[in-house]
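Structure assessment
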Amino acid sequence: MSAPEDISRALAVLRAGGLVAFPTETVYGLGADASSTAAVARVYALKGRPATNPLIVHVSGRDMARALVSNWPEGAERLARAFWPGPLTIVLPRSAQVPDIVTGGGPNVGVRCPDHHLTLTLLEAFGPLVGPSANPSGRVSPTTAAHVRASFSEDDVFVLDGGPCRAGIESTVVSLAESPARVLRPGVISAAEIERVLGREVADFVPGAPAEGGEPLASPGLLAQHYAPVTPAAMMEREGIGRAMRATLDPIVALVLSPIETPPPHAAILLPSTAKAYAARLYAALREADECRASQILIEPPPDRGPIWEAVADRLRRATHG
Ligand code: TXA
Ligand code: MG
């Protein structure tokens, strides 16, 4: 875990236009000065992220968010009061303070106040930070400092270690820039909860919708595969996993919800059976599965009841796409 000196070091790196990976309650972010086109360009370059995929901007609270948008509507105030600091990104028309590069040239910006004391301290001292998940584009998001270090060199990224992330999957993204408001990415906070706070209808995320960014992308297939391990991964009922293991000597690693027999050379990783705990463990488990160097990863479908499982199912669909 990080010491107070690390905050000073992080501030110095950011002031010099460098990159700092910061902890949040969801996943680690790859931070850079949101007001600096050059610093933000380094984030896109290091992640290998398409320039059309906008970055969210992290803030220490509502005041900092207001400066980044052209208008802070009543709905945003309500959502921020109810869910910040927390795993909700609010998309609104941007103000002139936000450089083009942050929004991928688009008219809107996503703002979020993360729930982690180290990062809140950093944001208060520095100001707004862009923060995509701190992983190479398309790969599994990091939920520990070690995950970040496995992808990026210490020369490129200073890592502020805040321990493992509690929620484990990325924030819910809701757009208030359209009517009705719409969930662009499902997360731990559901459309129903957002609806309750807003007091009006919210269009829920449609599974299988190609683009994550709200805008039609030049290549819609591009983002369908995301959160993906390097080893080919597929969803399979446990009976099928058992049969596959008995039928081949090519090593399989299974992600399962209850213990399963694994004849050699196969292996299994046991995941928690409650939605919250499963979400918190998922990305670390996908990375462990990758490290097994198996020929394939087979994932037992999680139960499908309730918003957190739906957000998990979204990540699994993308991890197993193609
Ligand atoms: O939990 C999280 O949101 C993490 C932590 C680090 O805060 N961040 C994160 O960032 O997941 P990223 O860049 O990996 O995902 C942000 C998502 C993308 O799907 C992006 O397309 C969408 O939010 N997004 C960002 N700005 C947007 C905008 N202006 N309009 C529509 N979608 C936007
Ligand atoms: Mg990401």
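Before reading on, note that the structure itself is shown above.
Residues numbered from 1 in each chain as written. Chains lettered and ligands numbered in written order. Predicted model: local features only at pLDDT ≥ 70, side-chain atom pairs only at ≥ 80, totals over all residues. Heavy atoms only, no water.

1. A look at the overall build of the chain
As a reminder of what qualifies: Strands are runs of DSSP state E lasting at least two residues, helices are runs of H or I lasting at least four, and both sets are numbered from the N terminus onward. Atoms counted for the radius of gyration: C-alpha only. Globule rule: 2.2 Å times the number of residues to the power 0.38. Remark: exposure states derive from per-residue accessible area (1.4 Å probe, protein chains only) relative to the maximum for the residue type, with buried under 20%, exposed over 50%, and partly exposed in between. Here a residue-residue contact requires only that any non-hydrogen atoms of the pair lie within 4.5 Å.
On a plain count of helices and strands, the chain comes out with ten helices and 14 strands. Taken against the 2.2 N^0.38 rule, which gives 20 Å for 322 residues, the C-alpha radius of gyration of the chain at 20 Å falls within 12% of a compact globule. The principal-axis extents of the C-alpha atoms in the chain amount to approximately 60 × 45 × 35 Å. Of all 322 residues assigned to the chain, the portion counted as buried reaches 55%. If you take every contact in the chain between residues at least 6 apart in sequence, the share linking residues at least 24 apart comes to 63%.

2. Quick look at unusual backbone geometry
Going from Ser-179 to Pro-180, the amide bond is cis rather than trans, its omega being -5 degrees. Following the sequence through the fold, Pro-180 ends up in the loop between strand 8 (172-175) and strand 9 (181-185). Between Pro-264 and Pro-265 the backbone carries a cis peptide bond, its omega angle lying at 5 degrees. By the element assignment, Pro-265 lies in the loop between strand 12 (252-256) and strand 13 (267-270). Its identity is not glycine, yet Tyr-227 carries a phi of approximately 55 degrees, on the positive side. Mapped onto the fold, Tyr-227 is located in the loop between strand 10 (202-203) and strand 11 (233-235). Notably, Arg-293 is not glycine yet its phi reads approximately 50 degrees, a positive angle. Within the secondary structure, Arg-293 sits in the loop between helix 9 (275-291) and strand 14 (296-299). Of the residues examined, Arg-293 reaches a relative accessible area of 68% and is grouped as exposed.

3. A closer look at the side chain of Glu-300
The line we're drawing: Any N or O atom pair separated by 3.5 Å or less is treated as a polar contact, with the protein-specific requirement of one donor-capable and one acceptor-capable atom, and with residues adjacent in sequence counted only for side-chain atom pairs.
Note on placement: Glu-300 falls in the loop between strand 14 and helix 10 (307-319). Classification of Glu-300 by relative accessible area gives buried; the value is 10%. Polar side-chain contacts of Glu-300 include one of 3.0 Å to the side chain of Arg-238. Dropping the residues within four chain positions of it, Glu-300 is found in contact with Met-235, Met-236, Arg-238, Ile-241, Leu-255, Val-256, Leu-257, Ser-258 and Tyr-278.

4. Remarks on the packing of aromatic side chains
Using the following cut-off: The pairing test for Phe, Tyr and Trp rings, Trp by its six-membered ring, is centres within 6.5 Å, and the orientation test on the planes gives stacked under 30 degrees, edge-to-face over 60, and tilted for anything in between. Counting as a charge over the ring demands two things of the Lys NZ or Arg CZ atom: a distance within 6 Å of the ring centre and an angle within 35 degrees of the ring normal.
Per the counting criterion, the structure on display carries three aromatic pairs. Seen in terms of ring centroids, Trp-72 and Trp-84 are 6.1 Å apart; in terms of plane orientation they differ by 45 degrees. Their pairing is tilted. Here the residue Trp-72 occupies a position in the loop between helix 3 (62-66) and helix 4 (74-83), and Trp-84 occupies one in the loop between helix 4 and strand 4 (88-93), the gap between them amounting to twelve residues. With centroids separated by 5.1 Å and ring planes inclined at 65 degrees, the aromatic side chains of Tyr-278 and Trp-309 adopt a geometry described as edge-to-face. Taken together, the residues span a long stretch of sequence, with Tyr-278 in helix 9 and Trp-309 in helix 10 at a distance of 31 residues. Judged by relative accessible area, Tyr-278 falls into the buried class, the value being 1%. Relative accessible area serves as the criterion here: at 4%, Trp-309 is assigned to the buried category. Against the face of Tyr-227 rests Arg-315, its NZ or CZ located 5.4 Å from the ring centre.

5. Here's the deal with the packing of helix 9 against helix 10
Keep this limit in mind: Each axis is a line fitted through C-alpha atoms, and for a helix only the stretch in contact is used; angles between axes span 0 to 180 degrees, taken between their N-to-C directions. Roughly parallel here means an angle under 35 degrees, roughly antiparallel means over 145, roughly perpendicular means 65 to 115, and every remaining angle is called oblique. Whether a crossing is left-handed or right-handed is set by the direction in which the near helix is turned from the far one by less than a right angle, anticlockwise for left-handed and clockwise for right-handed. We call Asp, Glu, Lys and Arg charged. Ala, Val, Leu, Ile, Met, Phe, Trp, Tyr, Cys and Pro are nonpolar, and the rest, Gly among them, are polar.
In contact at an axis separation of 9 Å, helix 9 and helix 10 are set at 20 degrees when each is read in the N-to-C sense. With respect to helix 10, the element helix 9 is oriented roughly parallel. The handedness of the crossing between helix 9 and helix 10 is left-handed. Residue-level contacts link Ala-275, Lys-276, Tyr-278, Ala-279, Leu-282, Tyr-283 and Leu-286 of helix 9 to Ile-308, Trp-309, Val-312, Arg-315, Leu-316 and Ala-319 of helix 10. Split by residue class, the contact of helix 9 with helix 10 holds eleven nonpolar, no polar and two charged.

6. Overview of the packing of helix 1 (residues 4-15) against helix 5 (residues 117-126)
Between two packed helices, the angle of one axis relative to the other and the distance separating the axes together describe the packing. Look at helix 1 against helix 5: their axes get within 10 Å of each other, and the N-to-C directions meet at 45 degrees. In terms of orientation, helix 1 and helix 5 fall into the oblique class. By crossing handedness, the relation of helix 1 to helix 5 is classed as right-handed. Residues Ile-7, Ala-10, Leu-11, Leu-14 and Arg-15 of helix 1 form the contact with helix 5, whose own contacting residues are Leu-118, Thr-121, Leu-122, Ala-125 and Phe-126. In terms of residue class, the contact of helix 1 with helix 5 is built from eight nonpolar, one polar and one charged.

7. Side note on the sheet that holds strand 7 (residues 157-159)
Note the cut-off: Here the rule is simple: two strands pair whenever DSSP picks up at least two bridges between them.
One open sheet accounts for ten strands, arranged 7-1-2-6-3-5-4-8-9-10; its pairing is mixed. In this open sheet, the two edge strands, each paired with only one partner strand, are strand 7 and strand 10. The pairing of strand 1 (residues 19-22) with strand 7 spans three bridges and is parallel. Each residue of the ladder has a partner; that of Ala-21, found in strand 7, is Val-159. The strands touched by helix 2 (residues 37-47) within the sheet are strand 1, strand 2 (29-33), strand 6 (129-130) and strand 7, with strand 2 carrying the most contacts at an inclination of about 150 degrees.

8. Re the sheet that holds strand 12
Paired through backbone hydrogen bonds, the strands of a sheet run either parallel or antiparallel to each other. Across the sheet, four strands lie side by side as 11-14-12-13; this open sheet has parallel pairing. Edge strands, defined here as strands with exactly one partner in the open sheet, are strand 11 and strand 13. The average undirected angle you get between the axes of adjacent strands in this sheet is 20 degrees. Of the pairings in the sheet, the one linking strand 11 to strand 14 comprises three bridges and is parallel in character. Of the residues in strand 14, the one forming a bridge with Ala-233 is Ile-297. Sheet strands in contact with helix 8 (residues 238-247) are strand 12, strand 13 and strand 14, and its direction is about 160 degrees off that of strand 12.

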